[in-house]
Amino acid sequence: MTLDDLPTPCLVLDLGILKANLARMQAAVARHPGLMLRPHMKTAKSLAVAALAAPGKGPITVSTVAEARYFAGGGFRDQIYAVGVTPAKLDAIAALNAQGGDVKVITDDIDVATAIAAHPGPLRALVEVDCGEGRGGVTPDSNLLTAIAGHLGARCAGVMTHAGHSYAERSTEGVATVAEAEHRGAVLAAERLRAMGATVDVVSLGSSPTALHGRDMAGITDIRAGVYMFGDLFQAQIGTHGMADIAVTVLTAVTGRKPDRNAVLVDAGAIALSKDRSTEKAPKDFGFGLMLDLDGKPSFGDAIVTRTHQEHGEVRGDGPLPFGSLPIGALVRIAPNHTCLTVAAHDRYHVVDGGREVIATWDRVNGW
């Protein structure tokens, strides 16, 4: 089977690029003695990708109960479910742990901590710390941090934080500054919990930018990163990887030609590409994606998906598009604006390795 045989739209995953991205992150983490990479599988959601990213069924991070169940079924025992847990989900997590899993939940709420401590099943929890992102978590110097740990009691396993605000930086130095604040916050929180006698086995932090560019990881047990595996147009602009390092693209077919506005229509629309606009405030706005040729090369200049409808995408070129080589049915590929959301509507990856031959099909888990 080759790319020409696939239904459109669908995901194409280049194995060689994926492996290079994984090796780059492994090398970055290896700079710090004792630091463990705990890859976040929220983007890939695939056992085959996890086998490469966390060899030997190593520790991983997940973002849904469905992921936790899927990866536990594939032998990935050590997990952090890195979304604030609700009491209604504790039974499902405890059931996985009763079957041999070690799925740790997170919380920043005293009532939830109390529910975790009272639950009859095997559960361990991390206190979520806010190191500056302003999403979930408690500040590392707050009384609430120690109060939550106190309510968790023996179920406390440590702390975790996430520097998602590193995505707002536009330089390596800026990311490194965010990474150091993330590091300081996590270590301070861990020290305060240890001082009160709480168990702190895990001190976890990370985002792809801070994992790559953080300079000091002393006192950190593991680092979580996920989007680095596949990359996207936004991450390429903030220095996570280069433009040639985007491993996942959307294969799509030309469905319309509009020379009067120098545009083509494709059958990858808002669902296949997502409507995320993460590059809108980046130096280069790539709209809803960049059109590449069938080999994944930027042969059309900056041919950008400027509009999306449910199943339609409109691509406009910055120079004259070669309509003679873009007949109806011609196959092209779209590099994603934000790969995490682009892949979310698809149920499988069609794997290539630098060419057009499809060498494997890898499933992925969706839902919650």
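As the structure is a computational prediction, the values presented were derived from the model and not from experiment. Chains are numbered independently. Their residues run from 1 in the order of the written sequence. Confidence filtering applies because this is a predicted model: local features only for residues at pLDDT of at least 70, side-chain atom pairs given and counted only at 80 or more, and all residues used for totals across whole chains, interfaces and linings. Hydrogens and waters are ignored; side-chain quantities use all the structure's heavy atoms.

Under the scheme used here, helices are H or I runs from DSSP no shorter than 4 residues and strands are E runs no shorter than 2 residues, and both carry numbers assigned from the N terminus. In terms of regular secondary structure, the protein is built from eleven helices and 17 strands. The quantity called the radius of gyration is restricted to C-alpha atoms. Its globule counterpart is 2.2 Å times the number of residues to the power 0.38. Relative to the globule expectation of 21 Å for 368 residues, the C-alpha radius of gyration of the protein, 22 Å, shows essentially globular dimensions. With the principal axes as the frame, the protein shows a C-alpha extent of 70 × 40 × 35 Å. Classification of the 368 residues of the protein by burial places 56% in the buried group. Only protein chains enter the accessibility calculation, which uses a 1.4 Å probe; a residue is then buried when its area is under 20% of its type maximum, exposed when over 50%, and partly exposed in between.

Okay, helix α4 (residues 90-98) next. Taken together, the buried positions of α4 are occupied by Leu-90, Ile-93, Ala-94, Leu-96 and Asn-97. The buried side chains of α4 occupy one side of the element, clustering within an arc of 155 degrees when seen end-on. Opposite the buried face of α4, by more than 90 degrees, sit the exposed residues Asp-91 and Ala-98. Residues of α4 that are buried in the fold lie against α3 (65-73), β4 (78-84), β5 (102-107) and α5 (110-118). Residue Gly-100 follows α4 closely and has a positive phi angle near 110 degrees. For this quantity, the arc is that covered by the directions from the helix axis to the C-beta atoms. In this description, contact between two residues means that some pair of their heavy atoms is separated by no more than 4.5 Å.

Leu-13, Met-229, Met-291 and Tyr-349 are the most contacted members of the largest nonpolar core, which has 90 residues in total. Among all residues touching Met-229, those that are not within four sequence positions of it are Leu-18, Asn-21, Leu-22, Pro-39, His-40, Met-41, Ala-44, Val-49, Ala-53 and Ala-247. In this structure, Leu-6, Leu-251, Ala-253 and Val-358 belong to the second largest nonpolar core, which totals ten residues. Take the buried Ala, Val, Leu, Ile, Met, Phe, Trp, Tyr and Cys residues and link them wherever side-chain atoms come within 4.5 Å; each set so joined is a nonpolar core.

With omega at 0 degrees, the peptide bond leading from Thr-8 into Pro-9 counts as cis. Along the polypeptide, Pro-9 turns up in the segment before β1 (10-14). One non-glycine residue with positive phi stands out, namely Lys-45, at about 50 degrees. As for its placement among the helices and strands, Lys-45 is situated in the loop between β2 (36-37) and α2 (47-53). By relative accessible area, which is 10% here, Lys-45 ends up buried.

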